[in-house]
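Summary of the model geometry
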Amino acid sequence: MSATSDDCIFCTIVAGEIPADVLGRTEHAIAFRDLHPQAPFHALVVPLDHHENVAASAAADPAVVGHLVTLADTIARESGNPDYRLVANTGAAAGQSVFHTHFHVLGGSSRMTETL
Ligand code: 5GP
Ligand code: ZN
């Protein structure tokens, strides 16, 4: 599956059809604040193309993962959080609830949550 998925909330955000607090954008990816922050700084970095998880995105185009990591680093630094965690839940049993590839970018505390 790629490009867009009709019933995917992140595809809807990518398309600009519902609002998000956007922190950064490139030709490959978008970063926005998580609706339910689990850390003082909690953003999501999301590729524009729809795949269900980071491994599927990597299989389709390995460069996508590099784009996501670079955008995550940029928005973390720009928001004053040079130390941060990246989390990519893969599969429902691992806590994934949105099946469009994303990294959580967590910063702003010493633990940065261990439950995500
Ligand atoms: P997952 O559980 O798949 O690892 O992470 C999905 C994340 O997306 C959750 O942290 C959840 O709060 C966030 N989320 C779900 N729907 C929306 C939305 O409509 N807008 C934003 N900004 N975040 C969302
Ligand atoms: Zn999607």
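It should be emphasised that the depicted structure is a prediction, and the values quoted were computed from it without experimental measurement.

What follows deals with helix H3 (residues 63-78). For H3, with 16 residues, the first-to-last C-alpha span of 23 Å sits near the 22 Å given by 1.5 Å per residue. Listed in full, the buried residues belonging to H3 are Val64, Leu68, Leu71, Ala72, Ile75 and Ala76. Projection of H3 onto a plane perpendicular to its axis shows the buried side chains occupying an angular sector of 130 degrees, all on one side. Pointing more than 90 degrees away from the buried face of H3 are the exposed residues Ala63, Gly66 and Glu78. Along its buried surface, H3 packs onto strand S1 (22-25), strand S2 (29-33), strand S3 (41-47), helix H2 (54-60), strand S4 (84-87) and strand S5 (103-107). Backbone geometry just downstream of H3 places glycine 80 in the positive-phi region, at approximately 85 degrees.

With respect to topology, five strands assemble into an open sheet ordered S1-S2-S3-S5-S4, the strand pairing being antiparallel. Each end of this open sheet is capped by a strand with a single partner; those strands are S1 and S4. Adjacent strand axes in the sheet meet at a mean angle of 20 degrees when their direction is disregarded.

Rules behind the numbers
Residue indices begin from 1 for each chain and proceed along its sequence in written order. The naming scheme follows written order: chains are lettered A onward, ligands numbered 1 onward. Given that this is a predicted model, residues contribute local features only at a pLDDT of at least 70 and side-chain atom pairs are listed and counted only at 80 or more, while totals for whole chains, interfaces and linings are drawn from all residues. Comment: elements are numbered from the N terminus, with helices defined as DSSP H or I runs of at least four residues and strands as E runs of at least two. For a helix, the expected span equals 1.5 Å multiplied by the number of residues minus one. Partly exposed residues are those whose C-beta has more than 12 but fewer than 20 other C-beta atoms within 10 Å; 20 or more makes a residue buried and 12 or fewer makes it exposed, with C-beta atoms placed from the backbone. Summarising the geometry, the arc corresponds to the directions from the helix axis toward the C-beta atoms. Distance between backbone-placed C-beta atoms decides contact: two residues are in contact if it is within 7 Å. We call two strands paired when DSSP finds no fewer than two bridges between them. Between N-to-C directions, angles cover 0 to 180 degrees, with each direction set by a line fitted to C-alpha atoms, over the stretch in contact for helices.

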